[in-house]
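This is what each chain is made of:
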Amino acid sequence: MIKVAVLGYGTVGSGVVEVIQDNNSLISAGLDDSIEVRYILDLREFPGDKNESLVVHDVNVIMDDPEIDVVCETMGGAGAAYEFTKAALKKGKSVCTSNKELVEKYGPELIELARENGCNYLFEASVGGGIPIIRPMNTSLAPEHIDSIKGILNGTTNYMLTKMSESGVGYDDVLKDAQELGYAERNPEADVEGHDAGRKIAILASLMTGKTVRYEDIYIEGITKIEAVDFAFADRLGRSIKLIASAEDKDGSISAMVAPRMLSKDHPLSVVSDVFNAIYVTGNMLGDVMFYGKGAGKLATASAVVSDVIELARAAKDKVTLPCVWSKEPVKLADRSDVRARFFVRIATGDADRLKYALGKAQRIADIDGQTGFVTDEMTEREFLNAIKDMDVRTIRFD
């Protein structure tokens, strides 16, 4: 029997317990062994909960039990979760997690610690919720040189941009709507400023390169400056606006960023709507492949955690180390000022001629609501920023 401990009985942790219990026969059949949740660690009491008897408040109860095979860390944060994960791995207990902050900060260290102690550390649910992407990158895409990863990695912002596009309402109104529906936190900064997506693309970029891409080194721009008029221009151009997290290998130089982009309606990511996420990977041999599904949510994320539980249980039976190439060696990212791109830019119509002169070869799109929009030719970001210096403009990258 595979005995599991779950650290944290919040949204994801309770979902993990639910998936294991409700789908137990399917999971056990796939393992050719039975599986049970032995402990749930939480500081709170849960009177009346059907799993009340499994709740413990002392993590050492779990660490000191030699029968615990797998620990599911669903606490969040990088404090206690980090310490408890290290303690479990040192005891030879494999760990899986949904904690993107912990994985981004300490991934290679924890992978190495697991190997030193004859166990494994998995983190499928840390990126894309229920979308399988980490395991495919480590296995199915292992023969590939990954040229680029582009993704919609945050359901909150994708929901907001979808609603702004469909209804024409402004940012403040759609944020309030997202909060009322439970898609956005009371303090939505991590989502709307792009930090959540930034941590996720840091993990994917690290797996893409086999080295460490740090979140702090990635250029991040959120959606707070996007206005209804931008969608009017996008519609005129036959494009959609999405918050895209990207990592690209351009002649050995890695560029990574999170920023709104105007995507062609022909691009598969342009039709990803509502709270759904998608990850678009380009390999040098395979070409393009896209992973799509629910990027968040209790049961979707929990399902990904339990998929790791199954993988860890199989690995323990076979006494194997699961593949994951991610070293502590840092990746020096390309200076984004040297990255070439096209840009959509708008300015008050009264200043349009000045902007047109500064941009040189730029296509004037239209005048909408007192704003004039242009699309530039391809240029470096340094050239673009120098051209619009001292002008009151709004810009969106144009893919």
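From a predicted model like this one, the values you see are computed outputs, not experimental measurements.

**Q** Help me understand the overall build of the protein in this model?
**A** When its secondary structure is counted, the protein shows 14 helices and 17 strands. Taken along its principal axes, the extent of the C-alpha atoms in the protein is 75 × 45 × 35 Å. Looking at the protein as a whole, 54% of its 399 residues are labelled buried. When contacts within the protein are restricted to residue pairs at least 6 apart in sequence, long-range pairs at least 24 apart make up 71% of them.

**Q** Please explain the pairing of strand β4 (residues 68-73) as it appears in this structure.
**A** Successive side chains on a regular strand alternate, one facing one side of the sheet and the next facing the other. Here β4 lies mainly inside the structure; five of its six residues are buried. Where strand β1 (residues 2-7) meets β4, five bridges bridge the pair, whose relative direction is parallel. Note on β4: the bridge partner recorded for Leu 7 is Glu 73. With four bridges joining them, β4 and strand β5 (residues 94-97) adopt parallel strand pairing. By the bridge assignment for β5, Cys 72 is matched with Cys 96. In the classification by handedness, the crossover that spans β4, the intervening helix α4 (residues 80-90) and the parallel β5 is right-handed.

**Q** Sorry if this is basic, but what is going on with the layout of surface pockets here?
**A** To find leftover empty space, one rolls a probe the size of a water molecule over the atoms. The computed volume of the largest pocket comes to approximately 1,100 Å³. Lining the largest pocket are 40 residues, and of these Lys 100, Glu 185, Asp 196, Ala 296 and Gly 297 lie nearest its centre. Put simply, the parts of the chain that give the lining of the largest pocket at least two residues each are α1 (11-22), α5 (100-116), α7 (155-167), α9 (189-192), α10 (195-209) and α12 (298-318). Grouping the amino acids of the lining of the largest pocket by side-chain chemistry returns ten nonpolar, 20 polar and ten charged. Estimated volume of the second largest pocket: approximately 410 Å³. The wall of the second largest pocket is formed by 21 residues, among which Tyr 219, Glu 221, Lys 225, Thr 395 and Arg 397 lie closest to the centre.

**Q** Before we go on, may I ask you to explain the side chain of Asn 138 in this structure?
**A** Looking at the secondary structure, you find Asn 138 in helix α6 (residues 134-138). Every residue in contact with Asn 138, bar those within four places of it in the chain, is listed here: Leu 207, Pro 323, Cys 324 and Val 325.

**Q** Please explain the side chain of Ser 98 as it appears in this structure.
**A** Among the structural elements, Ser 98 can be located in the loop between β5 and α5. With near-sequence residues (within four places) excluded, Ser 98 lies in contact with Val 12, Glu 73, Thr 74, Ala 125, Ser 126, Thr 301 and Val 305.

**Q** Please explain the packing of aromatic side chains as it appears in this structure.
**A** By convention here, two paired aromatic rings are described through the distance between centres and the angle between planes. Applying the stated criterion across every chain, the model contains eight aromatic pairs. With a centroid separation of 4.9 Å and an interplanar angle of 90°, the aromatic rings of Tyr 9 and Phe 46 are classed as edge-to-face. You can see Tyr 9 sitting in the loop between β1 and α1 and its partner Phe 46 sitting in the loop between β2 (35-41) and β3 (55-56), a full 37 residues away along the chain. Judged by relative accessible area, Tyr 9 falls into the buried class, the value being 8%. Between Tyr 121 and Phe 123, the ring centres sit 6.0 Å apart and the planes meet at 40°, which makes this aromatic pair tilted. Taken together, the ring pairs connect Tyr 121, Phe 123 and Trp 326 into an aromatic cluster.

**Q** Would you explain empty space enclosed by the protein in this entry?
**A** Overall, the coordinates contain two cavities of 30 Å³ or more when judged by the stated rule. A volume near 130 Å³ is recorded for the largest cavity. Lining of the largest cavity is provided by 13 residues; of these, Leu 122, Arg 135, Asn 138, Leu 322 and Pro 323 occupy positions nearest its centre. Among the elements that take part in the lining of the largest cavity, α6 stands out by supplying three residues, more than any other. What lines the second largest cavity is simply Ile 111, Ala 114, Arg 115, Cys 119, Asn 120, Tyr 121, Leu 122, Thr 321, Leu 322, Pro 323 and Cys 324. Of all elements in the fold, only α5 and β6 (121-122) reach the threshold of two or more residues within the lining of the second largest cavity. A per-element tally of the lining of the second largest cavity places α5 first, with three residues. Classifying every residue of the lining of the second largest cavity by side-chain character gives eight nonpolar, two polar and one charged.

Calculation rules
- Residues numbered from 1 in each chain as written.
- Predicted model: local features only at pLDDT ≥ 70, side-chain atom pairs only at ≥ 80, totals over all residues.
- Heavy atoms only, no water.
- Helix = DSSP H or I, 4+ residues; strand = E, 2+ residues; numbered from the N terminus.
- Buried < 20%, exposed > 50% of the residue type's maximum accessible area, 1.4 Å probe, protein only.
- Contact = heavy atoms within 4.5 Å.
- Pairing = 2+ DSSP bridges.
- Right-handed = clockwise from strand over helix to strand, strands pointing away.
- 1 Å grid on protein atoms, 1.4 Å probe; cavity = no way out; pocket = protein on both sides within 12 Å on 5 of 7 lines; lining within 4 Å.
- Points joined across faces, edges and corners; volume = space filled by probe spheres on them.
- Nonpolar A, V, L, I, M, F, W, Y, C, P; charged D, E, K, R; others polar.
- Phe/Tyr/Trp six-rings, centres within 6.5 Å; stacked < 30°, edge-to-face > 60°.

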